[in-house]
Amino acid sequence: VQGTGGSSAVSKCSAAARGYIQDRFLRLLAGRRRRRAPLIHRGYYIRARAVDHCVQDFLLKTQSLPRTQILSLGAGFDSLYFRLKDMGLLHHTVVYEVDFPNVACQKATLIKRMEELSALVGDTGGEGLGAITFSGEDYKLLGVDLSELSELERTLEEAGLNNEIPTLFIAEVVLTYMENTRSDALIQWAAEHFPQACFLVYEQVHPEDPFGRVMQQHFSQLNSALHSLAQYPDCEAQQRRFLGKGWTECSVMNMNEFFTCCIPEDEQQRVQTLEPFDEYEEWHLKCSHYFVLAASKGMELSWTPLLPGVTVPRHAGPVGMAGSVPAAVCARLSGIPGLRRYGHHSVLVKPNVILTSGGFGEENGQHCRMRNFHVLSKHAGYWKAVCVTQNIPDKRWGERLYHTVSCLSDTLALVVGGRTSPSSSGLGMLWLKFPETCNASDPDEVAVELVSLQPAAEAAALRWRHSTTEITFKGEQYLFVYGGRSALEPVLGDWYFLHTPELSYTAIAVEGPVPESRHSHSACSWEGGVLIAGGLGAAERPLGSVFLLRELQHGFQWQTIETHPPLVPRYSHTAHVHEGKLLLVGGVWFHASSVPGITVIDLMTGLCLDYVINVEHLEWPLMLHNHSSVFLPNEKELLVIGGGGNCFSFGTHLNPEPVTLSLSSILISH
């Protein structure tokens, strides 16, 4: 548990070094320096913002009072006191910090050693005594185990804590490491002994969904299990916990809600553009698995969370589910490491033959961008897979992620776009050629040849997280390239018509309401046109709109498809059309109470039904984002290949094997 404090100090320090948070004291307290990934920076940024938001609010609301105090529980190497003191915000406030004795001693030694820190605290009036490892006029550092409540109470009293004045308690990822009976007792003790108080908590939530399971496993492996989650698995349970332990008011929100509602738009934009970033799914999942809570009694709630004119989008309860879809591991495809990947693309080359390419995954026990292709083919009811290496390692392939592959014939496919790193300019187009006999029953027959296009670097291709869809206009075949993002534009709303096979750009008139820009949406061919659904829009907000690009006499027209109930906004899903129904598979949404399963939209009536995926036969968490899926109409089955991502600091999760989802029960022809 003590180790978690040290590593979070290093992460905060790295976030400060990149400009996410302003804090010159972190580097003095963190000890070692290490540059963390952008996803980690964002995670620690939102944590720091949430805590600061509540602390500043408490200080603002009590500024006219003669005396107040802040008690930071499990403070670790946090710099809160030094920041507040430096900003001149502690005229009448004493800060008490409590942590394990050896952590408190280490910190006290650091402070005494560092001129910049000791100067701010001022004269300590001699050495700390006993459990009080450091004692300044407005700063006390105590070494006590929080789970020993009577000892804590005695030491705080000795250090001068005053029960009668307004007190802010801070527990930033602390309570969950204690046994519930002990953390509950601490919450109740604070309510009973302090007539005017606020209690701020930041910690994890939602242990049972796939991301939650990976998160729990990570902390268990660190030997610092999260105890709160079993008893208090969601925000509502945490709210009931505080209201039941003597607190009179309690507000709580997850970090997606906090980011959307409590951080001004210009600040959101600033943070979103600090570093090249392309891990939206894991960022939003991280935010839906952490909450900030402020409880109060005897004083106004120390938290007015909302920006002017913003209301918290309190999602009306859980998403209603119309039924469930069984998931099963795909027989005979387990144990093929190359199918563990995300950000890849899978395409049906011909009946029962699938080509999977690109993405990030596992090769030779290493995590890397994937060079190799895989061909999956079905024989006598069973799938087989074979790895296809390019004849020559080809620079043009560029180990790409988030590209598209469109099959134009049995032997030819077009690759459009994709990226290597998020700061790269995106990759152009390539032809993929494969022999007519291509299938996995005879691996020797499988070869993939790359053919460059001239000119390959057209604007249409220098993008990723876009869609490329086959359409028909006046009986001719075209590819419709739409949306996505590029190194310069965080979200694109433009489109191109490519006439096949020679790939000339063709101007075709399009009328009607233009869809808002988006990436990570889905696009399906339907009746000669294209169905676009969901996606991540400007300001990194999921979209719930569905559009049809419909052929007219002289061009195309955008039409909005109204869904009822309205489609829950989502992105990073896959989609298929079957007999007038649009099927959306997985994805990421802001509803924390459940994960997206399968949504069926009736394109005639707009009726929208959500189905949960029954994973009881899987022994591992099924992450349905950045996956690929292929619909097999004869079997009424979906084959899901890959999926997953970097789960914040909890490790990379790759779905270990392909999964089939049986849709026969939900696709009964009416």
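Here the residue index of a chain counts from 1 through its sequence in written order. Owing to the predicted nature of the model, reporting of local features is limited to residues with pLDDT of at least 70; listing and counting of side-chain atom pairs is limited to 80 or more, with chain, interface and lining totals taken over all residues. To get the side-chain values, all heavy atoms of the structure are used, and hydrogens and water are removed first.

## As for the sheet that holds strand 28 (residues 546-551)
Whether parallel or antiparallel, the strands of a sheet pair through hydrogen bonds between backbone atoms. If you trace the five strands from one edge of the open sheet to the other, you get 25-29-28-27-26, paired in mixed fashion. Two strands in the sheet have a free side with no partner beyond their single neighbour: strand 25 (509-511) and strand 26 (522-526). This sheet shows a mean twist of 20 degrees between the axes of neighbouring strands, independent of strand direction. Here, strands pair whenever DSSP counts at least two bridges between them. Think of it this way: any DSSP run of H or I at least four residues long counts as a helix, any run of E at least two long counts as a strand, and we number them from the N terminus. Relative to strand 29 (residues 555-560), strand 28 runs antiparallel, the two being bridged by five bridges. Between N-to-C directions, angles span 0 to 180 degrees; the directions come from axes that are lines fitted to C-alpha atoms, helices contributing only their stretch in contact.

## Overview of the packing of aromatic side chains
In this description, a pair of aromatic rings is defined by centroid distance and the angle of the planes. Only Phe, Tyr and Trp rings take part, Trp by its six-membered ring, and two of them pair if their centres are within 6.5 Å. Stacked means planes under 30 degrees apart, edge-to-face means over 60, and tilted covers everything else. One pass over the structure, following the stated rule, counts 32 aromatic pairs. Relative to Trp283, the ring of Phe259 has its centre 5.6 Å away and its plane inclined at 90 degrees; by these criteria the two rings are edge-to-face. Remark: Trp283 occurs in helix 14 (residues 280-288) and Phe259 occurs in helix 12 (residues 255-262); sequence separation between them is 24 residues. For the pair Phe259 and Trp283, a shared accessibility class is recorded, and that class is buried. Consider the rings of Phe648 and Phe650, whose centres lie 5.6 Å apart with planes at 75 degrees: the pair is edge-to-face. For each residue, the accessible area found with a 1.4 Å probe, counting protein chains only, is set against the maximum for its type, and the residue is called buried under 20%, exposed over 50%, and partly exposed in between. On the basis of relative accessibility, which here comes to 9%, the residue Phe648 falls in the buried class. The structure contains a cluster of three or more aromatic residues connected by ring pairs, namely Phe473, Tyr478, Phe480, Tyr482, Trp495, Phe497, Phe547, Phe556 and Trp558. Cation placement over rings: the criterion is NZ of Lys or CZ of Arg within 6 Å of the ring centroid and within 35° of the ring normal. The ring centre of Tyr290 lies 3.9 Å from the NZ or CZ of Lys286, which sits over that ring. It is Lys286 that lies over the ring of Phe648; its NZ or CZ is 4.8 Å from the centre.

## Description of the pattern of salt bridges
Any Lys or Arg side-chain nitrogen located within 4 Å of an Asp or Glu carboxyl oxygen qualifies as a salt bridge. Throughout the structure, instances matching the rule amount to 28 salt bridges. Between Glu116 and Arg27 there is a salt bridge whose closest N-O contact spans 3.8 Å. With a gap of 89 residues between them, Glu116 in helix 6 (residues 115-121) and Arg27 in helix 2 (residues 26-30) connect regions that are remote in the sequence. In this structure Glu116 comes out as partly exposed when scored by relative accessible area, which is 34%. Notably, a salt bridge pairs Glu635 with Lys378, separated by 3.0 Å at the nearest N-O pair. Placement of the pair is Glu635 in the loop between strand 34 (628-632) and strand 35 (637-641) and Lys378 in strand 15 (residues 373-379), with a sequence separation of 257 residues. On the basis of relative accessibility, which here comes to 32%, the residue Glu635 falls in the partly exposed class. A relative accessible area of 15% means that Lys378 is categorised as buried. Salt bridges sharing common partners tie together Asp278, Glu281, Arg419, Arg465 and Arg485.

## A word on empty space enclosed by the protein
With a 1 Å grid spanning the protein atoms alone, the term cavity applies to any set of points in which a 1.4 Å probe fits but cannot get out, the term pocket to an open set with protein on both sides within 12 Å along at least five of seven lines, and the term lining residue to any residue with an atom within 4 Å of a point. Grid points are joined across faces, edges and corners, and a volume is the space filled by probe spheres set on the points. For the coordinates displayed, the defined rule picks out one cavity of 30 Å³ or more. Put simply, the largest cavity is a space of about 70 Å³. Taken together, Asn256, Phe259, Thr260, Gln272, Trp283, His284, Ala539, Glu540, Arg541 and Phe590 make up the full set of residues lining the largest cavity. Elements supplying a minimum of two residues to the lining of the largest cavity: helix 12 and helix 14. Among the elements that take part in the lining of the largest cavity, helix 12 stands out by supplying three residues, more than any other. Boundaries of every domain are those given by an automatic assignment or by a domain database. No fewer than three residues from each of domain 1 (3-294) and domain 2 (321-662) sit in the lining of the largest cavity.

## Some remarks on the sheet that holds strand 1 (residues 68-73)
Across the sheet, which stays open at both edges, the eight strands sit in the order 3-4-2-1-5-6-8-7 with mixed pairing between neighbours. Each edge of the open sheet carries a strand with a single partner, namely strand 3 (132-135) and strand 7 (249-254). Averaged over all pairs of adjacent strands, the angle between strand axes in this sheet comes to 15 degrees, irrespective of strand direction.

## Thoughts on the state of the cysteines
In plain terms, two cysteine sulfur atoms within 2.5 Å form what is called a disulfide here. In this structure the tally under the stated criterion is zero disulfides. Free cysteine Cys235: the closest other cysteine sulfur is in Cys250, separated by 9.8 Å. Here Cys235 falls in the buried class, since its relative accessible area comes to 9%. Unpaired in terms of disulfides, Cys608 finds its nearest cysteine sulfur in Cys524, a separation of 14 Å. We classify Cys608 as buried; its relative accessible area is 5%.

## Considering the layout of surface pockets
Volume-wise, the largest pocket comes out at about 1200 Å³. Around the largest pocket sit 41 residues that line it, and His345, Ser346, Ala523, Ala575 and Ser629 are the ones nearest its centre. Looking at the lining of the largest pocket, the elements that each hand over two or more residues are strand 11 (345-350), strand 17 (404-409), strand 21 (467-473), strand 26, strand 30 (574-578) and strand 34. Only Asp, Glu, Lys and Arg are considered charged, only Ala, Val, Leu, Ile, Met, Phe, Trp, Tyr, Cys and Pro nonpolar, and every remaining residue, Gly among them, polar. The class makeup of the residues in the lining of the largest pocket is 14 nonpolar, 24 polar and three charged.

## Re helix 5 (residues 101-113)
Expected span of a helix: the number of residues minus one, times 1.5 Å. Along its 13 residues, helix 5 runs 18 Å from first to last C-alpha, staying within 8% of the 18 Å computed at 1.5 Å per residue. Those residues of helix 5 lying buried are Val103, Ala104, Lys107, Ala108, Leu110 and Ile111. In a view along the axis of helix 5, the buried residues occupy a sector of 160 degrees, so they form one face of it. It is the directions from the helix axis to the C-beta atoms whose arc is reported.

## What about the domain arrangement of the protein chain?
Where interface size is given, it is often the accessible area lost as the parts come together that is meant. By the assigned domains, the protein chain splits into domain 1 (3-294) and domain 2 (321-662). Pairs of residues are marked as contacts when any of their non-hydrogen atoms sit within 4.5 Å. Taken together, the contact pairs 32 residues of domain 1 with 36 residues of domain 2. Carbon and sulfur atoms supply 60% of the area buried between domain 1 and domain 2, which totals about 2900 Å² over both sides. Two parts placed together each lose some accessible area under a 1.4 Å probe, and adding up what both lose gives the buried area. Sorting the residues of domain 1 by area buried against domain 2 places Asp278, Tyr280 and Glu281 first, and these three jointly supply 22% of that buried surface. Linking domain 1 with domain 2 are five salt bridges.

## Considering the pairing of strand 38 (residues 659-662)
In this structure, strand 9 (residues 323-329) lies alongside strand 38, joined through three bridges in antiparallel fashion. Note on strand 38: the bridge partner recorded for Ala327 is Leu661. Direction of pairing for strand 35 relative to strand 38: antiparallel, over a ladder of four bridges. Directly across from Leu638, in strand 38, lies its bridge partner Leu661.

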